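One-letter residues, chain by chain:
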Amino acid sequence: MFKGLKPILYRGREVWPLVEGGKGVSATNHASAGAWALAGGIGTVSAVNADSYDPTGKIVPQVYASRTRKERHDELIRYAVDGAVDQVKRAYEIASGKGAININVLWEMGGAQPILHAVLERTKGLVAGVTCGAGMPYKLSEIAAQYGVSYLPIISSARAFRALWKRAYSKAADLLSAVVYEDPWLAGGHNGLSNAEDPLKPQDPYPRVAELRTTMREGGIPDETPIVMAGGVWNLKEWNDWIDNPELGQVAFQFGTRPLLTQESPIPQGWKDRLMTLEEGDVLLHRFSPTGFYSSAVRNPFLRMLEARSQRQIAFSREAAGDHTHQLDVGVKGRNFWVTPGDLMRAREWYGLGFTDALKTPDNTLVFVTPDEKNTIRKDQADCMGCLSHCGFSAWKDHDDYTTGYLADPRSFCIQKTLQDIAHGEPVDENLMFAGHSAFRFKKDPFYSNGFVPTVKQLFDRILTGD
């Protein structure tokens, strides 16, 4: 057992301060979460469009039959609720009363509040807590209180927690079981970088977490309420100075990337194989997500395609002005696109290379794509099922008039489509592949020598040793 590591009290039971990260669309499920809890930790079921099952145990395909986005959004909510309920019940059964089962939701996912209400209503007594990030989930504490479950907000700064505490969480302080600090430079998936922070200049998490603890103390939150360090956590020996540290109070650790490579992990074999080959720097912090948030994913051909698309981009004016002195004569219909002489030459070059269609963006620019790319973009936008509360790619909004009021952005992509595809066996190079920035360590860590893939219990026991 690693020196200084002790069980903590969570929801009235002793558990190890080790939390499984709940990774999006079907990247964590009942098998991995239940096994993590059975080992004595806090397992996390992703409640983000999770898989549900038919009576024979086969995954129910999430097929959308409705014609309108609003109707498809209602279908998505039904799929999401059924899937999360199925996953929680199965995880709870696997855990056999050990550890604890949390669910993870994204506040900015489409229909987050009705989904959360319905899942908690149908899983009473099974869910210990709700972790929630990707936005400012002010109503999380209110919803948790209605069902008597804990809530664990995911934040990336003391400032964000202070705002949540003052506006809402102080009214349900007794159910705040932990605060998850997610390092915005190191965590996989969507990250909480603010406009004041430089994505290219990572900050040491220690002073940021110490500031968070100070903020929590100012609110009267006891030191026994853990801060869960998430993002960049590979083993415990590298965090030895955080354990039993009076400045930080009780800490716990969240593991998101390492549980991807276990026997119980539901991700396809091709994804697991790719994790074993990554080099340092292969995970990119980018801003192509239709959420508008930064996110971290493997820089595979899919992500490089998005990078290249955005590089084939020029600004335009609707009339001759300033440096915009030449009319664009390729990629567009009509003559009211004025560009600089240099951009005209670049556009003609892209056209000659087969990027013959120019699509407008919300920023008064044009991106040049092939006819096939254009058809895929337009089809994916038309097929939108409203998986986000606000989607830059399709201009969907899940309330009021159901539109963001902005032009749909062809530089982005349908995140629901690609995450469902990669999770269910489609080629890893052709889809978004989320991973934390420590994923390159699979290749270097002797624990994974000769292609060894542990069970969750073997990984959990390994973590408990400090490695």
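For every chain, the first residue of the written sequence is number 1, and numbering continues from 1 along that sequence. Only residues with pLDDT of at least 70 are given local features in this predicted model, and only at 80 or more are side-chain atom pairs given and counted; all residues enter the totals for whole chains, interfaces and linings. As a rule here, side-chain values come from all non-hydrogen atoms in the structure, and water together with hydrogens is ignored.

Picture the strands of a sheet paired through backbone hydrogen bonds; they go either parallel or antiparallel. Whether two strands pair depends on DSSP finding at least two bridges between them. Helix and strand labels come from DSSP, where a helix needs a run of H or I of at least four residues and a strand needs a run of E of at least two; each type is numbered from the N terminus. Spatially, the three strands line up as an open sheet ordered E14-E18-E17, and their pairing is antiparallel. Only two strands of the sheet have a single neighbouring strand rather than two, namely strand E14 (313-315) and strand E17 (357-360). Across the sheet, the mean angle from the axis of one strand to that of its neighbour is 30°, orientation sign disregarded. Only heavy atoms matter for contacts: two residues are in contact if any of them lie within 4.5 Å across the pair. Note on definitions: angles span 0 to 180 degrees between N-to-C directions of axes, and those axes are lines fitted to C-alpha atoms, for helices only across the stretch in contact. The sheet contacts of helix H9 (residues 341-352) involve E14 and strand E18 (365-369), and relative to E14 the element is tilted by about 150°.

Structurally, glutamate 75 is set in helix H2 (residues 69-95). Buried glutamate 75, no salt bridge; nearest opposite-charge side chain is arginine 78, N-O distance 4.9 Å. Within the structure, the side chain of glutamate 75 is placed 3.2 Å from the backbone nitrogen of alanine 65, a separation counted as a polar contact. If we ignore the near neighbours within four places in the chain, the residues touching glutamate 75 are Val63, Tyr64, Ala65 and Ser66. The classification of residues rests on relative accessible area computed with a 1.4 Å probe and restricted to protein chains. Under 20% of the type maximum is buried, over 50% is exposed, and intermediate values are partly exposed. Under the convention used here, Asp and Glu are negative, Lys and Arg are positive, and both His and the chain ends fall outside the count. Salt bridges are defined by distance alone: a side-chain nitrogen of Lys or Arg within 4 Å of a carboxyl oxygen of Asp or Glu. Polar contacts here mean pairs of N or O atoms no more than 3.5 Å apart (in protein, one a potential hydrogen donor and the other a potential acceptor; neighbouring residues in sequence count only if both atoms are side-chain atoms).

Before going further, it helps to spend a moment on helix H8 (residues 301-311). Listed as buried for H8 are Phe302, Leu303, Leu306, Glu307, Arg309 and Ser310. Here the buried residues of H8 occupy an arc of 160° about the axis, which is enough to place them on one side. Contact partners of the buried residues in H8: strand E12 (283-286), strand E13 (294-298), E14, E18, helix H10 (371-382) and helix H11 (415-423). The directions from the helix axis to the C-beta atoms form the arc being described.

Glancing now at the packing of H2 against helix H3 (residues 112-122). Interhelical geometry of H2 versus H3 gives an angle of 35° and a closest axis separation of 9 Å. The interaxial crossing formed by H2 with H3 has right-handed handedness. Only Pro114, Ile115, Ala118, Val119 and Arg122 of H3 make contact with H2, whose side of the interface consists of Ile77, Ala80, Val81, Asp82, Ala84, Val85 and Lys89. Any residue that is not Ala, Val, Leu, Ile, Met, Phe, Trp, Tyr, Cys, Pro, Asp, Glu, Lys or Arg is counted as polar, Gly included; the first ten are nonpolar and the last four charged. Tallied by class, residues from the contact of H2 with H3 come to nine nonpolar, no polar and three charged. Helix crossings get a hand from a simple test, with the near helix turned counterclockwise from the far one by less than a right angle marking a left-handed crossing and a clockwise turn marking a right-handed one.

Take the pattern of salt bridges next. Inspection of the entire model under this criterion finds 25 salt bridges. Across the salt bridge formed by arginine 162 and glutamate 218, the nearest N and O atoms sit 3.9 Å from each other. Residue arginine 162 is found in helix H5 (residues 158-167), and its partner glutamate 218 is found in helix H6 (residues 205-218); the two are separated by 56 residues along the sequence. With relative accessibility at 28%, the residue arginine 162 sits in the partly exposed group. Of the charged contacts in the structure, one is a salt bridge between glutamate 279 and lysine 443, with a shortest N-O distance of 2.4 Å. With glutamate 279 in the loop between helix H7 (269-275) and E12 and lysine 443 in helix H12 (residues 441-444), this pair connects stretches of sequence that are 164 residues apart. By relative accessible area, lysine 443 is classed as partly exposed at 46%.

Attention shifts here to the packing of H3 against helix H4 (residues 140-147). One way to put it is that H3 packs onto H4 with a least axis distance of 10 Å and a crossing angle of 20°. Relative to H4, the element H3 is oriented roughly parallel. Where H3 crosses over H4, the two elements pack in a sense that is right-handed. Across the interface between the two elements, Gln113, Leu116, His117, Leu120 and Glu121 of H3 pack against Leu140, Ile143, Gln146 and Tyr147 of H4. Roughly parallel refers to an angle under 35 degrees, roughly antiparallel to one over 145, roughly perpendicular to one between 65 and 115, and oblique to any angle outside these ranges.

Classification of ring pairs uses Phe, Tyr and Trp, with its six-membered ring standing for Trp, and accepts pairs whose centres are within 6.5 Å; under 30 degrees between planes counts as stacked, over 60 as edge-to-face, and the remaining range as tilted. One pass over the structure, following the stated rule, counts 17 aromatic pairs. Centroid distance tyrosine 206 to tryptophan 242: 5.6 Å. Interplanar angle 90°. Geometry classified as edge-to-face. Of this pair, tyrosine 206 sits in helix H6 while tryptophan 242 is found in the loop between strand E10 (227-230) and strand E11 (251-255), placing the two residues 36 residues apart along the sequence. On the basis of relative accessible area, tyrosine 206 is assigned to the partly exposed category, the value being 21%. Each member of the aromatic cluster is reached from another via a ring pair, and the members are Trp234, Phe442, Phe447, Tyr448 and Phe452. Sitting over the face of the ring of phenylalanine 337, arginine 318 holds its NZ or CZ atom 4.4 Å from the ring centroid. Two limits define a charge over a ring: the Lys NZ or Arg CZ must be within 6 Å of the ring centre, and within 35 degrees of the ring normal.

We note that asparagine 49 has phi near 50°; this positive angle belongs to a residue other than glycine. Mapped onto the elements, asparagine 49 comes out in the loop between strand E4 (42-46) and H2. Taking relative accessible area as the criterion, asparagine 49 reaches 3% and is therefore assigned buried. Positioned with a positive phi, alanine 395 is a non-glycine residue whose angle comes to about 65°.

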